[in-house]
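Fold and geometry: a report
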Amino acid sequence: MLANAKLKLLKILEILMETDEGHPLTALQIADKLKLYGIDAERKSICRDINILKDDAGYDIALSEDNKQGYYMVSRNFEDWELKILIDAVWGAKFLTQDNADKLAAKLRSMASESSRNMLSATTPVKLKIKSSNVTTKINIDSILRAIKNDRKIKFQYSYTAIDLKPKLRKDGFFYTVNPYALIWQNEHYYLIANYDKYDNLSYYRLDRMKSLVISDDKRKPAKELLGSNADLQIEQYVRASLYHYGGQKIKLTLQVKDYMVDDLVDYFGTDLYFHAVGDEYQVTVDVMDGDGLYYWLLQYEKNVKVISPLSVRDHLIEKATGILNLYKENIKDGTDA
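Conventions we followed
- Residues numbered from 1 in each chain as written.
- Predicted model: local features only at pLDDT ≥ 70, side-chain atom pairs only at ≥ 80, totals over all residues.
- Heavy atoms only, no water.
- Helix = DSSP H or I, 4+ residues; strand = E, 2+ residues; numbered from the N terminus.
- Rg over C-alpha atoms; globule rule 2.2 N^0.38 Å.
- Buried < 20%, exposed > 50% of the residue type's maximum accessible area, 1.4 Å probe, protein only.
- pLDDT = per-residue confidence, 0-100.
- Pairing = 2+ DSSP bridges.
- Axes fitted to C-alpha atoms, helices over the stretch in contact; angles between N-to-C directions.
- Patch = residues over 30% accessible without salt bridge, like charges linked within 9 Å, V, L, I, M, F, W, Y side chains within 5 Å.
- Areas by Shrake-Rupley, 256 points an atom, 1.4 Å probe, with all protein chains shown as cover.
- Salt bridge = Lys/Arg side-chain N within 4 Å of Asp/Glu carboxyl O.
- Phe/Tyr/Trp six-rings, centres within 6.5 Å; stacked < 30°, edge-to-face > 60°.
- Lys NZ or Arg CZ within 6 Å of the ring centre and 35° of its normal.
- Expected span 1.5 Å × (residues − 1).
- Contact = heavy atoms within 4.5 Å.
- Parallel < 35°, antiparallel > 145°, perpendicular 65-115°, else oblique.
- Left-handed = near helix turned anticlockwise from the far one by under 90°.
- Nonpolar A, V, L, I, M, F, W, Y, C, P; charged D, E, K, R; others polar.

A look at the overall build of the protein chain
From N to C terminus, the protein chain includes twelve helices and twelve strands. For 338 residues, the compact-globule estimate of 2.2 N^0.38 gives 20 Å, and the C-alpha radius of gyration of the protein chain, at 28 Å, exceeds that figure by more than 25%. If you line up the protein chain on its principal axes, its C-alpha atoms span 90 × 55 × 50 Å. The buried share among the 338 residues of the protein chain stands at 37%.

Observations concerning the confidence of the model for the protein chain
Here the protein chain averages 86 in pLDDT, while 93% of its residues score no lower than 70. No element of the protein chain has a lower mean pLDDT than helix 1 (residues 2–16), which averages 81, and none a higher one than strand 8 (residues 210–219), which averages 95.

Considering unusual backbone geometry
For the bond from Ser-309 to Pro-310, the omega torsion is 0 degrees, close enough to zero to count as cis. Look at Asp-151: it is not a glycine, yet its phi comes out positive at around 55 degrees. Looking at the secondary structure, you find Asp-151 in the loop between helix 7 (136–149) and strand 3 (152–161). Judged by its relative accessible area of 31%, Asp-151 is partly exposed. Here the phi dihedral of Glu-302 falls at roughly 50 degrees; this positive angle occurs in a residue that is not glycine.

As for the sheet that holds strand 11 (residues 281–290)
The strand order across the open sheet built from four strands is 10-11-9-12, with neighbouring strands paired in antiparallel fashion. Of all the strands in the sheet, just strand 10 (276–278) and strand 12 (305–309) have a single pairing partner and so form its edges. Strand-to-strand, the axes of this sheet are offset by a mean angle of 45 degrees, without reference to chain direction. Here nine bridges tie strand 9 (residues 249–257) to strand 11, and the two strands are oriented antiparallel to one another.

Describing a nonpolar patch on the surface
A cluster of nonpolar side chains, Ile-324, Leu-327 and Tyr-328, forms an exposed patch at the surface whose accessible area comes to about 290 Å². Tracing the chain through its elements places Ile-324 in helix 12 (residues 311–333).

Considering the packing of aromatic side chains
Taken as a whole and judged by the stated rule, the model has 18 aromatic pairs. On the numbers, 5.3 Å between centres and 90 degrees between planes, the contact of Phe-95 with Trp-185 is edge-to-face. Here Trp-185 lies in strand 5 (residues 176–186) and Phe-95 lies in the loop between helix 4 (80–92) and helix 5 (98–109), a separation of 90 residues in the sequence. One aromatic cluster is present, formed by Phe-156, Tyr-158, Phe-174, Tyr-176, Tyr-196, Tyr-199 and Tyr-205 through successive ring pairs. If you follow Lys-171 out to its NZ or CZ, it ends over the ring of Phe-174, 5.4 Å from the centre.

Details of the pattern of salt bridges
Inspection of the entire model under this criterion finds 13 salt bridges. When the shortest N-O distance is used, the salt bridge between Asp-88 and Lys-84 registers 3.1 Å. One end of the pair is Asp-88 and the other is Lys-84, both in helix 4 and four residues apart, which spans about a single turn. The exposure class of Asp-88 is partly exposed, given its relative accessible area of 33%. The closest approach of N and O atoms between Arg-206 and Asp-208, which form a salt bridge, is 2.7 Å.

Overview of helix 7
End to end, helix 7 covers 20 Å across 14 residues, agreeing with the expected 20 Å (1.5 Å per residue, within 8%). Those residues of helix 7 hidden inside the fold are in contact with strand 3, strand 5, strand 6 (189–196) and strand 8. Looking at the residues trailing helix 7, positive phi occurs at Asp-151, about 55 degrees.

Observations regarding the packing of helix 4 against helix 6 (residues 114–122)
Where helix 4 meets helix 6, the closest approach of the two axes is 11 Å, and the angle between their N-to-C directions is 40 degrees. Taken together, the axes of helix 4 and helix 6 are oblique relative to one another. Helix 4 and helix 6 meet at a crossing whose hand is right-handed. Contacts between helix 4 and helix 6 involve Asp-80, Leu-83, Lys-84 and Ile-87 from the former and Ser-116, Met-119 and Leu-120 from the latter. In terms of residue class, the contact of helix 4 with helix 6 is made up of four nonpolar, one polar and two charged.

Here's what the structure looks like:
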């Protein structure tokens with residue numbers, strides 16, 4: 001009898017999860033739905049169970065102002081707009097396979113009422129069709145999370161795409177051993193931030209390029225041991241300063257920019273910036289990693305961003321720009337540039 005009473009209570013909760021303010025259910029309507037599960041219940045017992053869910057279990061269930069319309073669930077773990085954002089994120093994630101995206105989006109919709117589920121499906125008509133065929137990404141995420149939770153190192157091989165468009169293993173299948181600290185999703189890919197066992201710095205690894213990942217029996221090096229007592233902040237600053245996920249030595253970079261470049265700098269470096277006027281332009285200093293990512297970033301802005309200091313960055317940028325210019329000069333000279 002007790003088991004039947006618990007089952008009835010759970011089924012009533014499931015039924016109420018399908019309701020909202022615009023689609024309430026009366027006790028008699030709930031009784032009809034319970035019959036579909038082979039459960040017979042009187043109206044009064046259903047009302048008592050709803051009061052238990054409200055008063056003892058804390059569910060936010062209300063009776064319509066016109067009580068003839070019945071009961072409905074007032075609030076849930078996620079509001080519709082929150083679920084919409086999460087579903088869009090799922091469909092925008094290229095690292096997920098089509099099957100992963102379908103199942104995850106369905107789970108998110110299941111948290112809404114029946115009418116909201118229909119609305120969420122109708123308002124997501126365009127689904128990203130370019131999805132990954134790599135089924136190991138979700139496995140890698142799960143394994144890395146378990147390794148971090150249990151303070152363990154991980155080992156994996158790292159791949160790249162060869163000229164024949166087939167994946168190849170770097171260093172003849174060498175296994176990298178790293179101390180995993182954080183996972184971030186940026187630029188449509190998932191990255192692991194970790195410490196390569198031989199060095200005392202942080203580095204990035206793309207999850208879809210990690211092969212044969214296993215959790216090691218060896219204890220992970222604590223982040224505090226590597227980065228100090230404010231390890232979480234250090235990792236956050238590392239991410240902010242690493243353009244295009246390239247590491248390097250951290251430097252203070254002073255730039256001179258046009259006023260319309262402010263949005264772009266805020267997008268990359270956040271709002272903790274100070275711009276001071278120099279004629280009709282502005283100078284700003286940012287913390288950044290002096291790696292290849294910095295020069296890729298600078299080259300895309302051409303004359304709109306000028307490096308003031310350090311001089312070593314200016315010199316290296318000039319060297320790269322000269323190399324590009326010479327490449328095209330050679331093409332013109334040998335007639336390959338029509």
